[in-house]
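Fold and geometry: a report
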Amino acid sequence: MAAASRLKGVVAVVSATGAYAALSLRNPDISANDRGNFESVRQKIADPNAVVPSRGAQKTALVGSSVDSPLDVLVVGGGATGCGVALDAVTRGLRVGLVEREDFSSGTSSRSTKLIHGGVRYLEKAVFNLDYGQLKLVFHALEERKQVIENAPHLCHALPCMTPCFDWFEVVYYWMGLKLYDLVAGARMLHLSRYYSLDESIELFPTLARNGRGRNLKGTVVYYDGQMNDSRLNVGLACTAALAGSVVLNHAEVISFIKDDTGERVIGAHIRDNLTGKEFETYAKVIVNAAGPFSDSLRKMADKDKQSIICPSSGVHIVLPDYYSPEGMGLIVPKTKDGRVVFMLPWLGKTIAGTTDSNTTITMLPEPHEDEIQFILDAICDYLNVKVRRSDVLSAWSGIRPLAMDPSAKNTESISRDHVVCEDYPGLITITGGKWTTYRSMAEDAVDAAIKSGKLTPSNNCVTNHLRIVGGEGWDPAYFTVLAQQYVRMKKTHGGKVVPGVMDSAAARHLAHAYGTLAERVAAIAQNENLGKRLAHGYPFLEAEVAYCARYEYCESVVDFIARRSRLAFLDTDAAGRAVPRIIQILAAEHKWDKTRQKKEQEDTILFLQTFKSSLNAQFHDGKHTGMLAK
């Protein structure tokens, strides 16, 4: 009976897949009427000489709005969705502003799993529960997955993921399920999934155990999803929006809303510049709340009686040395002892491991609990032939995913895995829920709602479907060779002497992938301004990147750099700590910091890094965290 039910589910999914594919073929991506506007925006973003407006100019533009001359849209929140909304709205010809309390991608968007995935678990639910709603989530995510990779080719790539099978039923079950995943993806498929024998699997993943939890490995099934450098992609979206004409301002916090004379509609916001402490007002026809886990606090800022819709969920991740996983192959364990999914993926030369959602509370700087770190270590230990040690943890962090309940739904008991767009106070549109993979279509839905609410008149429809972000136009995987052949790294020694160094392949590849076609600007700074030295031993990050990000990517603090512009804090917390003094020197020169500000940066950065539980900044005994080591 169970087998018949599952077969019925598979048939239903296959039928729905064919219908959906036929429908998709009838819908062109960009209409002929919008093509001219798309090309104009594309050329503006791809201009090799284009530079984002300064932070001061952006703040002046926000201050310049008024009741009589408001922005069309003010976005609150600089994560993936908020920056996506700003880019979508400005490329439709609207006047757009965006403010972010901390930094672009400072919250959930920099603490993700780093996967761009279609949601293979949702497909399983769709089959077994005959749930077309879950199936639509998979269709939607697979469609957006391919688009994200194409729009940011330097920051995203396809990644094969291996699922170990310990009996022949698992082999058949996962093989059939992942073939169905391929079928649902259709033209958006990255690569075909396939089965590998025991010997082939060990050759591909040398640290994979031949037996786990008393069972012998029969083989593995490998399928493909996407992987990204999440915060670099987020910062790229913010800079792309700025080049397209949007005002974007980080470290700017909404402290209250401005309402019209009747008090019935939100028409602006009181904003505090958190770098200077000065406050100002900005007016807009519509405000889009894209504050992620903090969306409810903004909703209640407009109406204190609003019921919460956010159900915060925590995902904990740890970073281990590269030898835990081979380059270019991930490991996904669909069900651990307690039913959770555990993954282990290569990422930026290290191994990232983590779990799926668990309940949490909302906080500005979430910290992973020691028992969660130990759970991940214990879970992957069952599948590896190497000893898994707590002392190998280079960094550990927690991210809060804003799962949402639709306030208009009749049944509010079920939490949506899709996104929610609502206007529960006139003039304030909230967009929340969803996931990184679908940020672009989430932004499209939010802008559509804003246009309707504010009776706005865009010059064209959405054009972000095929719009490459800054650094992506004209990029190809061999681009790093240009840097390696044409640039040197001029390094200043401790004695003050300048010596030349080669632009080695590791540094060239890193720059090409982090900055795309703009990497030559960074390489030129390394060569011409004697900033070619590495910031941390064993890592490709260069001093030149600090100066570049301060000038062209709105990097306003040390944490902005080590956490979001580079990924050093996430890759190796202790290496990041050792690089801090030099980063402060460079940023002080770029931003004209006095000694007081430099001291504050040092203190703030230490506090930030203490929330990343590496093996050296956390004391533990018998798996229990006992406190921080003295700095």
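Cut-offs applied
Residues numbered from 1 in each chain as written. Predicted model: local features only at pLDDT ≥ 70, side-chain atom pairs only at ≥ 80, totals over all residues. Heavy atoms only, no water. Helix = DSSP H or I, 4+ residues; strand = E, 2+ residues; numbered from the N terminus. Rg over C-alpha atoms; globule rule 2.2 N^0.38 Å. Buried < 20%, exposed > 50% of the residue type's maximum accessible area, 1.4 Å probe, protein only. Contact = heavy atoms within 4.5 Å. Areas by Shrake-Rupley, 256 points an atom, 1.4 Å probe, with all protein chains shown as cover. Lys, Arg positive; Asp, Glu negative; His and termini not counted. Charge placed at Lys NZ, Arg CZ, Asp CG, Glu CD. Phe/Tyr/Trp six-rings, centres within 6.5 Å; stacked < 30°, edge-to-face > 60°. Lys NZ or Arg CZ within 6 Å of the ring centre and 35° of its normal. UniProt positions renumbered as here; feature names shortened; annotations may be inferred. Salt bridge = Lys/Arg side-chain N within 4 Å of Asp/Glu carboxyl O. Polar contact = N/O pair within 3.5 Å; in protein donor to acceptor, adjacent residues only side chain to side chain. Axes fitted to C-alpha atoms, helices over the stretch in contact; angles between N-to-C directions. Parallel < 35°, antiparallel > 145°, perpendicular 65-115°, else oblique. Left-handed = near helix turned anticlockwise from the far one by under 90°. Nonpolar A, V, L, I, M, F, W, Y, C, P; charged D, E, K, R; others polar. Pairing = 2+ DSSP bridges.

Observations regarding the overall build of the protein chain
The secondary structure content of the protein chain amounts to 20 helices and 24 strands. Compactness check: the protein chain gives a C-alpha radius of gyration of 24 Å against a globular reference of 25 Å for 631 residues, within 12% of the reference. Based on the C-alpha atoms only, the size of the protein chain along its principal axes is roughly 70 × 65 × 50 Å. In the protein chain, buried positions account for 57% of the 631 residues. Partitioning the contacts of the protein chain with sequence separation of at least 6, the portion at a separation of at least 24 is 72%. Just so you have it, the protein chain exposes about 26000 Å², and 53% of that area is on carbon and sulfur atoms. A gap of 2 Å separates the mean positions of the 72 positive and 70 negative side-chain charges of the protein chain.

Side note on the packing of aromatic side chains
Within this structure, the stated rule accounts for 13 aromatic pairs. Judged by centre distance (5.8 Å) and plane angle (25 degrees), the ring pair of Phe169 and Tyr173 falls under stacked. Remark: Tyr173 and Phe169 occur in helix α7 (residues 168-185); sequence separation between them is four residues, near one turn of the helix. In this structure Phe169 comes out as exposed when scored by relative accessible area, which is 54%. What makes Tyr173 partly exposed here is its relative accessible area of 23%. Over the ring of Phe294 we find Arg101, and its NZ or CZ is 4.6 Å from the ring centre. When the ring centre of Phe570 is taken as reference, the NZ or CZ atom of Arg567 above it lies at 4.6 Å.

So, the UniProt feature "domain: Alpha-glycerophosphate oxidase C-terminal" (unreviewed entry) in the protein chain
The UniProt feature table records "domain: Alpha-glycerophosphate oxidase C-terminal" (unreviewed entry) at residues 462-597. Annotated as 53% helix and 7% strand, the span residues 462-597 places its first and last C-alpha atoms 42 Å apart.

Notes on helix α17 (residues 558-565)
Of all eight residues that make up α17, eight are buried, and the element is covered over most of its length. Of the residues making up α17, those classed as buried are Val558, Val559, Asp560, Phe561, Ile562, Ala563, Arg564 and Arg565.

Considering the pattern of salt bridges
Following the criterion strictly, the structure yields 34 salt bridges and no others. Across the pair Asp199 and Arg210 runs a salt bridge, and its minimum N-O distance is 3.8 Å. Of this pair, Asp199 sits in helix α8 (residues 198-204) while Arg210 sits in the loop between α8 and β6 (211-212); the two residues are eleven residues apart in sequence, bridging distant segments of the chain. Exposure remark for Arg210: the relative accessible area of 45% places this residue in the partly exposed category. Residues joined by salt bridges that share partners form a network here, namely Asp103, Asp560, Arg564 and Arg565.

A short note on the side chain of Asp574
Examined against the element boundaries, Asp574 turns out to sit in helix α19 (residues 573-591). Here Asp574 falls in the buried class, since its relative accessible area comes to 14%. Reaching out from Asp574, the side chain makes a polar contact with the side chain of Ser614 at a distance of 3.1 Å.

Brief notes about the packing of α17 against α19
Taken N-terminus to C-terminus, the directions of α17 and α19 make an angle of 125 degrees; their axes are 9 Å apart at the nearest point. Compared by their axis directions, α17 and α19 come out oblique. At the point where α17 passes α19, the crossing takes the right-handed sense. Taking contact as the criterion, the partners of Val558, Phe561 and Ile562 in α17 are, on α19, Ala576, Val580, Ile583, Ile584 and Leu587. When grouped by side-chain class, the residues that make up the contact of α17 with α19 number eight nonpolar, no polar and no charged.

Some words on the pairing of strand β12 (residues 279-289)
Buried residues dominate β12, accounting for eight of its eleven residues. As paired strands, strand β1 (residues 71-76) and β12 are joined by five bridges and run parallel to one another. Looking across to β12, one finds that Val73 is bridged to Val286. Pairing analysis gives five bridges linking strand β11 (residues 266-273) to β12, with the strands arranged antiparallel. Counted as the bridge partner of Ile271 is Phe280 from β12. Between β11 and β12, which follow one another and run antiparallel, lie five residues, and Gly277 among them has a positive phi close to 85 degrees.

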